[in-house]
Amino acid sequence: MTMTVRSRAETVDSKEIALTRNRLLLEEARASGLLGAGKDSRLSGRVPSELLAAAKRRAHVESDTELLELALSRIALEDDFGARLVRRKGKIRADIDLGV
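Residues numbered from 1 in each chain as written. Predicted model: local features only at pLDDT ≥ 70, side-chain atom pairs only at ≥ 80, totals over all residues. Heavy atoms only, no water.

A. Structural context of a nonpolar patch on the surface. On the surface, a nonpolar cluster with roughly 390 Å² of combined accessible area is contributed by Leu43, Leu68, Leu72 and Ile75. Of note, Leu72 is situated in helix H3 (residues 64-77). Its relative accessible area of 48% is what places Leu72 among the partly exposed residues. (Patch = residues over 30% accessible without salt bridge, like charges linked within 9 Å, V, L, I, M, F, W, Y side chains within 5 Å. Areas by Shrake-Rupley, 256 points an atom, 1.4 Å probe, with all protein chains shown as cover. Salt bridge = Lys/Arg side-chain N within 4 Å of Asp/Glu carboxyl O. Helix = DSSP H or I, 4+ residues; strand = E, 2+ residues; numbered from the N terminus. Buried < 20%, exposed > 50% of the residue type's maximum accessible area, 1.4 Å probe, protein only.)

B. The arrangement of the packing of helix H2 (residues 49-59) against H3 in detail. Axis separation between H2 and H3 bottoms out at 10 Å; the angle between their running directions is 75°. Taken together, the axis directions place H2 and H3 in an arrangement best described as roughly perpendicular. Contacts between H2 and H3 involve Leu52, Ala55, Lys56 and Ala59 on the former and, on the latter, Asp64, Leu67 and Leu70. For the contact of H2 with H3, the class distribution of residues is five nonpolar, no polar and two charged. (Axes fitted to C-alpha atoms, helices over the stretch in contact; angles between N-to-C directions. Parallel < 35°, antiparallel > 145°, perpendicular 65-115°, else oblique. Contact = heavy atoms within 4.5 Å. Nonpolar A, V, L, I, M, F, W, Y, C, P; charged D, E, K, R; others polar.)

C. Highlighting the environment of Thr65. Of note, Thr65 is situated in helix H3. Take Thr65: its relative accessible area is 43%, and that puts it in the partly exposed class. It is 9.4 Å that separates the C-alpha atoms of Thr65 and Leu43, two residues lying 22 residues apart in sequence.

Here's what the structure looks like:
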């Protein structure tokens, strides 16, 4: 296992980026009607504590509820860009200059 050493500036930047991503994701979920109404469902499960701790660290959240809202919102709002890209394989003529 290798250890990654990050500077304080990199850590602050990654936290700011994660918090901005979280805020934008939750705003989109609210705008889509997925969040904002009363919480009327309960979700429970058993997961390894290491997985839970790592996910919270990566997302820069403290509570299980906040982590679940982020994870479920991300899945619910996920686009199908990858699948659409793969479906396009072979559909662009080989003689087109893409400038790369």
